[in-house]
Amino acid sequence: MIINKQENFVVHPGVNNVNGTLLNALLYKYPHLINLSRAGIVHRLDKDTTGLMIIAKKFMTQLKLIKMLQQHDIIREYEAIVVGIIPFTGKINMPIARHTIERTKMAVNLQGKTAVTHYNVLEYFRNHSRIRVRIETGRTHQIRVHMAYINHPILGDQTYGKKTNRSKKNTNLTFDKIYNFNRQALHAIKLSFNHPITNVRMTVETPIPQDMNNLINILKDDNLKIEN
């Protein structure tokens, strides 16, 4: 199955999130998934990243899908809003590893695992860019780390972006609305792959969520104010 994950929804249980995760929900809905690794979850999304995820219901299906991921046979595309005016198209090929000091974070590290991210611009705003991203690899926090590495962090990313004081009201209401976006503006919008059993080509898309739509409208309005 393919699900459309909401924001503020943890995928795997951890120290601070034992219950209420996607894995817990899957086991409640489909008890037989207890026999599969990670309850059939093939790939993950961060807690506040929204969008499409693949879940396997059978052991052999999960093995095939994981192999397809490793061989880059599953195309995963995202939409994001990044800070700054990014070049129109680009490829980031920089390895990623666990941060040497802050162990909950990842970082570009030449000793890390291969990580490749492609992007192209969909729309420019005054101080931001809306981009479509395709990843060849699926390292933890890959898009967020790569965008921060090229100095265009994802808007709202409090881990890898520039910190903003959310409690301080700015005299510019537009600035305040933009920089108080309460998560990283990142959405898994499209999956394309051959069905692991029938081999029929499948493409699944989901619209960007309402909070990102609202953000885009605010950025468009900001453009109009400058033009006028």
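Everything numeric in this text was worked out from a predicted model, so none of it was measured.

S.K.: What exactly am I supposed to notice about unusual backbone geometry here?
M.R.: Peptide bonds are trans in most cases, and residues, glycine excluded, mostly fall at negative phi. Phi at asparagine 8 is positive, roughly 55 degrees, even though this residue is not glycine. The backbone of histidine 72 shows a phi angle near 60 degrees, a positive value even though the residue is not glycine. Looking at the element boundaries, histidine 72 is found in the loop between α2 (59–70) and β3 (75–83).

S.K.: Honestly, the pairing of strand β9 (residues 186–194) in this entry has me stumped. Any pointers?
M.R.: As a general feature of sheets, a regular strand has side chains that alternate between the two faces. For β9, the buried fraction is high: 7 of the 9 residues fall into the buried class. Summarising the sheet, strand β2 (residues 50–54) and β9 pair through 2 bridges and their orientation is parallel. When the sheet's bridge partners are listed, glycine 51 is paired in β9 with alanine 188. The sheet contact formed by β3 and β9 spans 6 bridges and is antiparallel.

S.K.: Mind showing me how you'd approach the side chain of threonine 21 here?
M.R.: Along the chain, threonine 21 turns up in the loop between β1 (2–5) and α1 (22–29). According to the relative accessible area criterion, threonine 21 is buried, its value standing at 1%. At a separation of 2.7 Å, a polar atom in the side chain of threonine 21 contacts the side chain of asparagine 24. In this structure threonine 21 touches Phe9, Val10, Val11, His12 and Pro13, once residues within four positions along its chain are discounted.

S.K.: Explain α2 to me, please; I cannot follow it from the model alone.
M.R.: Working note: α-helix, 3.6 residues per turn, so residues spaced by three or four point in the same direction. Between its first and last C-alpha, α2 extends 17 Å over 12 residues, near the 16 Å set by a 1.5 Å rise per residue. Restricting attention to buried positions, one finds in α2 the residues Thr61, Gln62, Leu65, Met68 and Leu69. Taken down its axis, α2 places every buried residue within 125 degrees of arc, on the same side. Of the surrounding elements, those touching the buried residues of α2 are β2, β3 and β9. Two residues or fewer after α2 comes histidine 72, characterised by a positive phi angle close to 60 degrees.

S.K.: Quick question: what am I supposed to make of the nonpolar core here?
M.R.: Within soluble globular proteins, side chains that are nonpolar generally end up buried alongside one another. Counting 41 residues, the largest nonpolar core has Leu22, Ile81, Ile131 and Met147 as the members making the most contacts within it. Going through the elements one at a time, α1, β3, β7 (116–124), β8 (128–135), α3 (142–149), β9 and α5 (210–227) are the ones with two or more residues in this core. Apart from the residues lying within four places of it in its own chain, the contact partners of isoleucine 81 are Phe125, His128, Ser129, Arg130, Pro153, Ile154, Leu155, Ala185, Met212, Leu215, Ile216 and Leu219. With 10 residues, the next largest nonpolar core counts Val42, Leu52, Met68 and Phe193 among its residues.

S.K.: Help me understand α1 in this model?
M.R.: Of all the residues in α1, the buried ones are Leu22, Leu23 and Leu26. The buried residues of α1 all sit within an arc of 100 degrees when viewed along its axis, so they share a single face. In this structure, the buried residues of α1 make contact with β1 and β2.

S.K.: I'm lost on the pattern of salt bridges in this one. Help?
M.R.: Proximity of charged atoms lets side chains of opposite charge pair with each other. Inspection of every chain in the model, using the stated rule, returns 10 salt bridges. Taking the shortest distance from any N to any O, the salt bridge between arginine 44 and aspartate 46 comes out at 3.0 Å. In this structure, the salt-bridge partner of glutamate 79 is arginine 130, at a minimum N-O distance of 2.9 Å. Separated by 51 residues along the polypeptide, glutamate 79 in strand β3 and arginine 130 in strand β8 bring together distant segments of the chain. Considered together, glutamate 79 and arginine 130 belong to a single accessibility category, that of buried residues. Because the salt bridges share partners, they merge into one network encompassing Glu77, Glu79, Glu123, Arg130, Arg132 and Lys220.

S.K.: Can you walk me through the confidence of the model for the protein chain in this structure?
M.R.: Per-residue confidence for the protein chain gives a mean pLDDT of 91, with 93% of residues at or over 70. Across residues 165–171, confidence stays below pLDDT 50; counting only partners more than four residues off in sequence or on other chains, it has 9 contacts.

S.K.: Honestly, the environment of alanine 115 in this entry has me stumped. Any pointers?
M.R.: By secondary structure assignment, the location of alanine 115 is in the loop between β6 (106–108) and β7. With a relative accessible area of 0%, alanine 115 lands in the buried category. Residues alanine 115 and isoleucine 96, 19 residues apart in the sequence, show an inter-C-alpha distance of 6.3 Å. In contact with alanine 115, not counting residues within four places along its chain, are Ile92, Asn93, Met94, Pro95, Ile96, Thr137, Arg139, Gln142 and His146.

Procedures and definitions
Residues numbered from 1 in each chain as written. Predicted model: local features only at pLDDT ≥ 70, side-chain atom pairs only at ≥ 80, totals over all residues. Heavy atoms only, no water. Helix = DSSP H or I, 4+ residues; strand = E, 2+ residues; numbered from the N terminus. Buried < 20%, exposed > 50% of the residue type's maximum accessible area, 1.4 Å probe, protein only. Pairing = 2+ DSSP bridges. Polar contact = N/O pair within 3.5 Å; in protein donor to acceptor, adjacent residues only side chain to side chain. Contact = heavy atoms within 4.5 Å. Expected span 1.5 Å × (residues − 1). Arc of directions from axis to C-beta. Core = buried A, V, L, I, M, F, W, Y, C linked by side-chain atoms within 4.5 Å. Salt bridge = Lys/Arg side-chain N within 4 Å of Asp/Glu carboxyl O. pLDDT = per-residue confidence, 0-100.

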